[in-house]
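# Geometric and topological summary
Letter by letter, the chains look like this.
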Amino acid sequence: MVAPAVPELTEEVLHEAIDARTDSLASLRELGPPDLVHLIKQPLRSGGKHVSVYHHVTGVDASSSASLAAYINTLAYKEFGPSATTKTLEGTYCCYNAFSRVDMRVHAPFPGSVESFCIDERGEKRKATDELWLETYLCSVLRAYSYADDGTGDTIRKIMGVRRFNPVTNTETEHRFLSAAEHLFFRGWQLGSDSIVQVPNVVSNHLTAGLLRYFHTTGRYTSGINLFEKLRTENVEVASLLSKVLFMGNEEVQGIRILHDALKQSPMDYVMLDTQAEFLLKKAKTAATPEQKDERLRMSLGCADRSTIAAPSEFGTWARLAEVYVTMEDWENALTTLNSCPMFTYQDKDAPIMPEPRDIHLPTLQETRLDEIDSEPESRYSEQVDPSLLNLRAAAYRGTFKHAYSILTEMTAKIGWDQLLKIRSNVFVMEDEYREKQESTSYPKNRNASTDALRGTPDPTINGAASEAGGDEEKEDSESAAQTLAPGNRAEDIERPSSAVDPDEVKKGDDSGSKEDHFSRLNNKRLCERWLDSLFMVLYEDLRVYTIWRTQMAQYRAQSMQYKKSAEEWEILGSLAERLQHVDEAVEAYRACLAQRFSPKALAGILKVFEKTKGSTRDTVAATIRLVTWQYRWYSEFSPELLHTVRMLIEDEGAVKIRSIIQATNLPQNVLDLTHHYAALCATFRSSGTDG
């Protein structure tokens, strides 16, 4: 298998990239940035000045200084030959160790002996030990999975010039990876955790997330079961991880037994309770009868409710409880629970902070040449995009806010915007109600109940940034009428969600009972968290744009006219429909985008639908081939999601059939070989379906 091309970013000043990396060490909080490879070159013509170039890489074997020096050698010796214009004088490889918070470095002059050392957060040089190399190796594998692209290209575009390799390519490297993970398992909390976990612990951290993702990607469930069985003897909490791998491998009865026994020993372990709730919720959604569904939901509710008691400050437990209520169609409790979710500022992955390069060289390998892919970058720059599509804030949500928004959109998809607003007014104190109570009390009159945070946060934030729903816009929102967004409404009739109920409804409430009864009901209502109020506004904007699009589409079709949008606009509309859980409309928009130009995001969106609905195998394979090629074009030979897609295709249809479909595709052989490489990985790991 040919290696991806080598991107080169040329420095303005020698060694400035390494200096910038050293300066950033103290600010790193997660697994660290991708590895940095820095080369000093000299033109072969006499008198040429030294030039320094660098690129980033993930997935290289970082178990020793020798393996990193070997990578530098492969780059240096590539330039030998009659066509060479430069020679490499020296190379430096930097790999971050997130356990000990040091940057492991290997310096290899040509010719000369290799030197290995590490730099701590203060910039001081220290000796590299075997224990530090073991930690570095494990961090390197976890980074390769964490920084891998999901097929959409979003991760690839974040950092320029990153080569991505598969860190575990056979059973031998798997053994080394799992051995290192076992050795360092109970220090995993030091690495931090995903953004939806407030406090990292033994079973909720970047190490356990990486292990579970590896087993999910490769299907090596037996290896995972063996690993967690050994670790469970040291700590009962590991039972939650063991049961998750058993569930992945369809060993559900054994998984439930292990959870049951473990909870007897540790009845208030929130991760085990949440794992049970998640399993029962999935079973409820696939129940054969309503009675089975109700019974499983009842059990799931008990587990989820108890997990919130065990970990009241964790977002995941409250989100799971809200999801259970949504499935039970208990909308008021679902909204109340969602309002109780503790929200955290999103902590993005560590990214390299580099000075502006003097020159950028992004070569293309012949093996990745495909006309539809090669034309993608040029056509993107000339496209016009409607500003209203660029300003949809929901597209930027990450972490807890993204998860909470998906729960809100699921409710909207099931009951509609009109009903959601009614439930909102039943659960939360609305502005007119609050004003009415103010008139009979001495409470300060400059407060807005519907946008006042329950915990009294004076300056609420969304994803770490100040809420944009404040100020004049907030005032305008609170004064607008509470109208519905029923199907068929014209876009110009859509009103913003109001913070106040209709005054007539308040009067009706007063007529039906005494004022004391009215205030009693008011006292049972809650104040809406300000972040949730803002989510309603963002949801309104999404629904407004979506309704305009669908209304215009219907009008154009009625007149037998073509509805025209640029490829970028179709891509955004597809993402919008997917976010609002309108699957068919999302596929329609993504297909319209692909009809104009290649888009990895649109193709990945369609592929996701194919996987859920078990769509056409040939269409799935065709989409996978193009995404694999695009990834390889931008120096990534490894995407866990695409490897998982190929593995599931082989599991469903058999390796022989999938290889035949790949080979029968009317594309150049060099392009097909890239996808054959993914299929060969499945055979190496003896995945189900590869025996035939």
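Conventions we followed
- Residues numbered from 1 in each chain as written.
- Predicted model: local features only at pLDDT ≥ 70, side-chain atom pairs only at ≥ 80, totals over all residues.
- Heavy atoms only, no water.
- Helix = DSSP H or I, 4+ residues; strand = E, 2+ residues; numbered from the N terminus.
- Expected span 1.5 Å × (residues − 1).
- Buried < 20%, exposed > 50% of the residue type's maximum accessible area, 1.4 Å probe, protein only.
- Core = buried A, V, L, I, M, F, W, Y, C linked by side-chain atoms within 4.5 Å.
- Domains from an automatic or database assignment.
- Contact = heavy atoms within 4.5 Å.
- Polar contact = N/O pair within 3.5 Å; in protein donor to acceptor, adjacent residues only side chain to side chain.
- pLDDT = per-residue confidence, 0-100.
- Axes fitted to C-alpha atoms, helices over the stretch in contact; angles between N-to-C directions.
- Parallel < 35°, antiparallel > 145°, perpendicular 65-115°, else oblique.
- Left-handed = near helix turned anticlockwise from the far one by under 90°.
- Nonpolar A, V, L, I, M, F, W, Y, C, P; charged D, E, K, R; others polar.
- Pairing = 2+ DSSP bridges.
- Phe/Tyr/Trp six-rings, centres within 6.5 Å; stacked < 30°, edge-to-face > 60°.
- Lys NZ or Arg CZ within 6 Å of the ring centre and 35° of its normal.

The protein chain appears in an unreviewed UniProt entry as Chaps-domain-containing protein from Chaetomium globosum.

### Structural notes on helix 2 (residues 65–77)
Along an α-helix, a turn takes 3.6 residues, which lines up residues three or four apart on a common side. The end-to-end C-alpha separation of helix 2 is 18 Å, in line with the 18 Å expected for 13 residues at 1.5 Å each. Among the residues of helix 2, Ser67, Leu68, Ala69, Tyr71, Ile72, Leu75 and Ala76 are the ones counted as buried.

### Section: the nonpolar core
If you look at the biggest cluster of nonpolar residues, it comprises 150 residues, and the most contacted ones within it are Phe177, Leu211 and Phe228. For this core, the domains that each give at least three residues are domain 1 (8–164) and domain 2 (366–419 + 533–685). Dropping the residues within four chain positions of it, Phe177 is found in contact with Tyr137, Leu138, Val141, Leu142, Val168, Leu211 and Tyr214. Membership of the second largest hydrophobic core comes to 23 residues, among which are Ala62, Cys95, Met104 and Leu132.

### Overview of the side chain of Glu135
With respect to the helices, strands and loops of the structure, Glu135 is situated in helix 3 (residues 130–146). For Glu135, a relative accessible area of 2% gives the class buried. Here Ser100 takes part through its side chain, which lies 2.6 Å from a polar atom of the side chain of Glu135. Side-chain polar atoms of Glu135 contact the side chain of Arg187, separated by 2.8 Å.

### As for the confidence of the model for the protein chain
Per-residue confidence for the protein chain gives a mean pLDDT of 86; residues scoring 70 or more make up 85%. Confidence over residues 499–512 falls short of pLDDT 50; this stretch has 24 contacts with residues more than four positions distant or in other chains.

### Observations regarding the packing of helix 11 (residues 290–310) against helix 12 (residues 315–328)
Interaxial distance between helix 11 and helix 12 falls to 9 Å at its minimum, and their mutual angle equals 155°. In terms of their interaxial angle, helix 11 and helix 12 are classed as roughly antiparallel. For the pair helix 11 and helix 12, the crossing hand works out as left-handed. In contact with Lys293, Leu297, Ser300, Leu301, Ala304, Asp305, Ser307 and Thr308 of helix 11, helix 12 contributes Thr317, Trp318, Arg320, Leu321, Val324, Tyr325, Thr327 and Met328. For the contact of helix 11 with helix 12, the per-class residue count stands at eight nonpolar, five polar and three charged.

### With respect to the pairing of strand 2 (residues 35–43)
Regular strands place their side chains on alternate faces of the sheet. In terms of burial, strand 2 is largely enclosed, as eight of its nine residues are buried. Two elements, strand 2 and strand 3 (residues 51–58), share seven bridges in a ladder whose sense is antiparallel. Note on strand 3: the bridge partner recorded for Leu39 is Val53. The sheet contact formed by strand 2 and strand 4 (residues 86–97) spans eight bridges and is antiparallel. Looking across to strand 4, one finds that Gln42 is bridged to Lys87.

### Side note on the packing of aromatic side chains
Applying the stated criterion across every chain, the model contains 18 aromatic pairs. Note on Phe247 and Phe279: the rings are 4.4 Å apart at their centroids and 15° apart in plane angle, and the pair reads as stacked. Of this pair, Phe247 sits in helix 8 (residues 239–248) while Phe279 sits in helix 10 (residues 270–285), and the two are 32 residues apart along the sequence. Of the two residues, Phe247 and Phe279, neither departs from the other in class, the shared state being buried. On the numbers, 5.6 Å between centres and 85° between planes, the contact of Tyr546 with Trp549 is edge-to-face. With Tyr546 and Trp549 both in helix 23 (residues 530–558) and three residues apart, this pair spans about one turn of that helix. In this structure Trp549 comes out as buried when scored by relative accessible area, which is 2%. Taken together, the ring pairs in this structure connect Tyr145, Phe177, Phe185, Phe186, Tyr214, Phe215, Phe228 and Phe638 into an aromatic cluster. Lying over the aromatic face of Phe536, Arg424 brings its terminal NZ or CZ to 4.6 Å of the ring centre. The aromatic ring of Trp634 is capped on one face by Arg633, whose charged end is 4.0 Å from the ring centroid.

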